Amino acid sequence: MTEKTRVAVLGAAGRMGATTCAAIEAAADLDLVARVDVGDDVGTAVRDSGAQVAVDFTVPSVTEANVHAVLDAGAHAVVGATGWTDESLARVSEHVDRLNAGGAGLGVVVAPNFGLSAVLAMQFAAKAAAYFESAEVIELHHPNKVDAPSGTARHTATAIAAARRDAGLPAMPDATAEGWDARGADVDGVRVHAVRLRGLVAHEEVLLGNPGEQLVIRQDSFDRVSFMPGVLLAVRQVATRPGLTVGLEHLLDLG
Ligand SMILES: NC(=O)c1ccc[n+]([C@@H]2O[C@H](COP(=O)([O-])OP(=O)(O)OC[C@H]3O[C@@H](n4cnc5c(N)ncnc54)[C@H](O)[C@@H]3O)[C@@H](O)[C@H]2O)c1
């Protein structure tokens, strides 16, 4: 039998961490060797447990330090915690490249969204955007969400805008002369609308329009278990991707 990959979970007592621990325990090819949370030393826990991969679902204030500690302990890192900036990503990239120059062969995957349906919706929307005159994004979330529009909706709009630019498309048709408040946020020239409604979890719709036709791409996340296929995919692939990878889409074979 092939040896199981040994995995540590950082933030194991949290909502995402606990769900990740359960998913790893249920996977036949993975072995949960450490549950790490506040008060534990990350480097020591990873080293002592012999973990080959550490999954970080902690909090924005500590996730970067955790990744440096994981790398220094000789393990790969899969990161779901948010709060990453261009600067913190650059520091991790420099660190892992330096270790790899010495032959470490380590990988780091940082994914702002591990939801396969959300990532695929974003990719499909970007691919379709070049063929439509109009595109708008509607994101719908539970009313406890504090930021609007969502990061995923912003990324989707930015990807649509880039695809339109690459295709040489002009600005979208829009005769609005007043009442701009009702037209949503302008993200890179793409209108993004945010709905907050009791009962919802996390949902996104991309509307693409041409004369006489419409394409709607919709994704719905109902539960945090929806992130687990993406997390497990990254755990299984991270060792084959030395250096830093940002975004789950790079791990998917989208042609
Ligand atoms: N990438 C994705 O797809 C995705 C999906 C959902 C949530 N998230 C992000 O994941 C993170 C965790 O979300 P959550 O809902 O599970 O939060 P949570 O508050 O339930 O859990 C965070 C856990 O991290 C622990 N922690 C804090 N500091 C630590 C440290 N120094 N070392 C070890 N553990 C530490 C806390 O004690 C807690 O158990 C957030 O940043 C959230 O935005 C990402």
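Residues numbered from 1 in each chain as written. Predicted model: local features only at pLDDT ≥ 70, side-chain atom pairs only at ≥ 80, totals over all residues. Heavy atoms only, no water.

Colleague: Give a detailed account of the layout of surface pockets, specifying residues and quantitative values.
Modeller: Picture a little ball the size of a water molecule; that probe, rolled over the atoms, points out where space is still empty. Taken as a whole, the largest pocket encloses approximately 1,600 Å³ of empty space. What lines the largest pocket is a set of 48 residues, and nearest its centre among them are G80, T82, P112, K145 and F227. Of all the secondary-structure elements, those providing two or more residues to the lining of the largest pocket are α1 (15–26), α4 (86–101), α5 (116–129), α6 (151–166), β9 (202–210) and β10 (213–221). Classifying every residue of the lining of the largest pocket by side-chain character gives 20 nonpolar, 20 polar and eight charged. Shared between two domains, the lining of the largest pocket takes at least three residues from each, and those domains are domain 1 (5–110 + 225–251) and domain 2 (116–222). For the second largest pocket, the lining is made up of 18 residues, of which R164, A171, M172, G189 and V190 are closest to its centre. Broken down by secondary-structure element, the contributors of at least two residues to the lining of the second largest pocket are β6 (134–141), α6 and β8 (190–196). Top contributing element to the lining of the second largest pocket by residue count: α6, with three residues. Counted by class, the lining of the second largest pocket contains eight nonpolar, two polar and eight charged residues. (1 Å grid on protein atoms, 1.4 Å probe; cavity = no way out; pocket = protein on both sides within 12 Å on 5 of 7 lines; lining within 4 Å. Points joined across faces, edges and corners; volume = space filled by probe spheres on them. Helix = DSSP H or I, 4+ residues; strand = E, 2+ residues; numbered from the N terminus. Nonpolar A, V, L, I, M, F, W, Y, C, P; charged D, E, K, R; others polar. Domains from an automatic or database assignment.)

Colleague: Quick one: what's the story with the environment of D220, residue by residue and with numbers?
Modeller: Along the chain, D220 falls in strand β10. Residues within four places of D220 in sequence aside, it is in contact with S117, A202 and H203. Within the local environment of D220, its side chain forms a polar contact with the side chain of H203, the two groups lying 2.7 Å apart. Side chain to side chain, D220 and R218 meet in a polar contact 2.7 Å long. (Contact = heavy atoms within 4.5 Å. Polar contact = N/O pair within 3.5 Å; in protein donor to acceptor, adjacent residues only side chain to side chain.)

Colleague: How would you sum up the site of the ligand? Please name residues and give values.
Modeller: Neighbouring residues of the ligand: 20 residues in total, closest R15, M16, D37, A111 and F114. At 3.1 Å from a nitrogen atom of the ligand is found a main-chain nitrogen or oxygen belonging to G80. P112 is positioned with one of its backbone polar atoms (N or O) 3.1 Å from a nitrogen atom of the ligand. A total of 870 Å² of accessible area belongs to the ligand in isolation, and the protein chains cover 76% of it. Taken together, the residues of the shell around the ligand break down into 12 nonpolar, six polar and two charged. (Near = heavy atom within 4 Å. Areas by Shrake-Rupley, 256 points an atom, 1.4 Å probe, with all protein chains shown as cover.)

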